[in-house]
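Chain residues, written in single-letter form:
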Amino acid sequence: MLDFLLFLGVLAPAPLLAIVVLAARLRGAVRRGGAGTLAARTRAALQGGTRRPVWPVLIGVAAGAALLTFGVGRGYLATVTNGPRWGFDVVLLSIVLGLLAAAGCGGLAGLAAAAVARARGFGAGTVTGLLALVAVAAGTASVHLPLRAAYLAAPGDFPVVVNLAGGDLLIPFEVFLAALIWALPWPVLGAALGARAETAGRRHAVRDVWQLLLDLATADLPESRSAWGAALRSELAAIDPPAERRRFAFGGAWAALRSGRPHGAWMQAAGVALLVAGGSFAASRWSLAHDRGGILGFWVPAPSALLLAVALATAWRDRSFGSGLRAGALGGIAALVAVIAVGIPEAVFWMRERAGYLSTGDAVPPTWQAAVLDVLRPEFIVVMIIFWSMGAVGGAALGTALGRRRAGTPDDLPAAAPR
């Protein structure tokens, strides 16, 4: 029950926040123009979200997803039977890598939505981000479905994996397609983070891609750095030669992304490391004493909830998604170090007590090396990274929304960029 509640706390913030953002936008649109304007606004969003150069890029995304699926599929089929020799489950690793890929697609769709929203408004950005996910799904399905049909028609032509039931060989690709549903909130949140607040019914024009790049890089700076970001944008506006604009935009964007480490981030990371290390040790000894199996059930949800809290608190304080994300990432690195530092000696202790593998509690490692390698199994580490990342990113988004609401920023997530 506790694991379910922790997972719910990690998975729920992003979709709930996306629903709140959409509701706030719709309410604002009705208040400004009445319900009769919604159809016109929807048409404008669809036109803005598909106008050049968006639709050629979407076609490229679909083609790229198809090519990548083809290559990954061939590589997977060529190596899927080698798991026992390599010491890990290739199918399980492929499944969790598919989850990670789906999360990455959500992030890229959110970034695309933010870029289009910066230039054309929230509605257009949301449409672009959602269509980007559709393009990825279409490209992947165009390769996967014929391959699956061939597998069902002639399974003898494909590798045989003894621990898989009939028809399950290609399950990693189906998990990826299903997991894209998790990514649906991020185009909405990305568009909200990237959109400018409208002033007097007018929207700022975007001069070129270099202005857009610098705008996005500096739009989410903490309050203490906002004046510096405004100065960068003003200086770029005064530069006319395209080559100089490009160099200045890249340099400014890189400086903005490297700056703004949250205040006290190292102390937060040290606190996360201590809590995760202490919790791992306590979970290990309690599980050993009560014969409750391994502690993978602690490694995945508990640090996820902790990183969500750290990212939320930092983003709320700084009113910056980037600050929360940096704090969550630093805390995640500290948590991984803590898991490994405590897990390795505990795995050896479990082996000597003949209690099984530390992760799942099944079987008994034949050697201490096998016990240690179980802690370092790539599929377990990737699973932890996926859920920890979801907790940190969801916490950063929720903290940004609450922080900007506290500061009186209108609507939902976006704040007006200083000009």
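Predicted model, so just to flag it, every value in this text is computed and none were measured. (Residues numbered from 1 in each chain as written. Predicted model: local features only at pLDDT ≥ 70, side-chain atom pairs only at ≥ 80, totals over all residues. Heavy atoms only, no water.)

A. Quick look at the nonpolar core. Within the largest apolar cluster, 49 residues are counted, with the highest numbers of intra-cluster contacts made by Leu180, Trp299, Leu358, Met384 and Ile386. For Ile386, the residues in contact, after removing those within four places along its chain, are Val96, Leu99 and Leu100. By size, the runner-up hydrophobic cluster in this structure holds 19 residues, among which are Ala14, Leu189, Ala311 and Phe321. (Core = buried A, V, L, I, M, F, W, Y, C linked by side-chain atoms within 4.5 Å. Buried < 20%, exposed > 50% of the residue type's maximum accessible area, 1.4 Å probe, protein only. Contact = heavy atoms within 4.5 Å.)

B. Fine view of the packing of aromatic side chains. By the definition in use, this model includes 3 aromatic pairs. Centroid distance Tyr76 to Phe173: 5.8 Å. Interplanar angle 85°. Geometry classified as edge-to-face. Separated by 97 residues along the polypeptide, Tyr76 in helix H4 (residues 54-79) and Phe173 in helix H8 (residues 171-179) bring together distant segments of the chain. On the basis of relative accessibility, which here comes to 10%, the residue Phe173 falls in the buried class. Sitting above the plane of the Phe122 ring, Arg25 keeps its charged end 4.5 Å from the centroid. (Phe/Tyr/Trp six-rings, centres within 6.5 Å; stacked < 30°, edge-to-face > 60°. Helix = DSSP H or I, 4+ residues; strand = E, 2+ residues; numbered from the N terminus. Lys NZ or Arg CZ within 6 Å of the ring centre and 35° of its normal.)

C. Quick peek at a nonpolar patch on the surface. Taken together, the side chains of Leu11, Leu130, Ile181, Trp182 and Leu184 present a nonpolar region at the surface, about 430 Å² in accessible area. Examined against the element boundaries, Ile181 turns out to sit in the loop between H8 and helix H9 (185-194). (Patch = residues over 30% accessible without salt bridge, like charges linked within 9 Å, V, L, I, M, F, W, Y side chains within 5 Å. Areas by Shrake-Rupley, 256 points an atom, 1.4 Å probe, with all protein chains shown as cover. Salt bridge = Lys/Arg side-chain N within 4 Å of Asp/Glu carboxyl O.)

D. Representation of unusual backbone geometry. Here the amide bond leading from Arg52 into Pro53 is cis, since omega sits at 5°, within 30 degrees of zero. Along the chain, Pro53 falls in the loop between helix H3 (38-50) and H4. Here the phi dihedral of Arg319 falls at roughly 55°; this positive angle occurs in a residue that is not glycine. Residue placement: Arg319 occurs in the loop between helix H15 (301-318) and helix H16 (321-352).

E. Main features of the confidence of the model for the protein chain. Averaged over all residues, the pLDDT of the protein chain equals 82, while 88% of them reach at least 70. Per-residue pLDDT, averaged within each element of the protein chain, yields its smallest value for helix H1 (residues 2-11) (66) and its largest for helix H7 (residues 122-153) (92). A low-confidence stretch, residues 410-419 stays under pLDDT 50, and its non-local contacts, those more than four residues away or across chains, total 36 contacts. (pLDDT = per-residue confidence, 0-100.)

F. Seen up close, H16. Over its 32 residues, H16 runs 46 Å from end to end, which matches the ideal 46 Å to within 8%, given 1.5 Å per residue. Where H16 begins, one side-chain oxygen reaches toward the backbone nitrogen of Gly322, 3.4 Å away; that side chain belongs to Ser320. (Expected span 1.5 Å × (residues − 1). Polar contact = N/O pair within 3.5 Å; in protein donor to acceptor, adjacent residues only side chain to side chain.)

G. Spatial organisation of the packing of H16 against helix H17 (residues 368-375). Here H16 crosses H17 at 135°, and the two axes come no closer than 8 Å. Judged by the inter-axis angle, H16 sits oblique to H17. When you trace H16 past H17, the crossing you get is right-handed. On H17, the residues that touch Gly343, Ile344, Ala347, Val348 and Met351 of H16 are Trp368, Ala371, Val372 and Val375. Residues belonging to the contact of H16 with H17 are distributed by class as follows: 8 nonpolar, 1 polar and no charged. (Axes fitted to C-alpha atoms, helices over the stretch in contact; angles between N-to-C directions. Parallel < 35°, antiparallel > 145°, perpendicular 65-115°, else oblique. Left-handed = near helix turned anticlockwise from the far one by under 90°. Nonpolar A, V, L, I, M, F, W, Y, C, P; charged D, E, K, R; others polar.)

H. Summary view of H9. Across the 10 residues of H9, 10 count as buried, placing the element largely inside the fold. Those residues of H9 lying buried are Pro185, Trp186, Pro187, Val188, Leu189, Gly190, Ala191, Ala192, Leu193 and Gly194.

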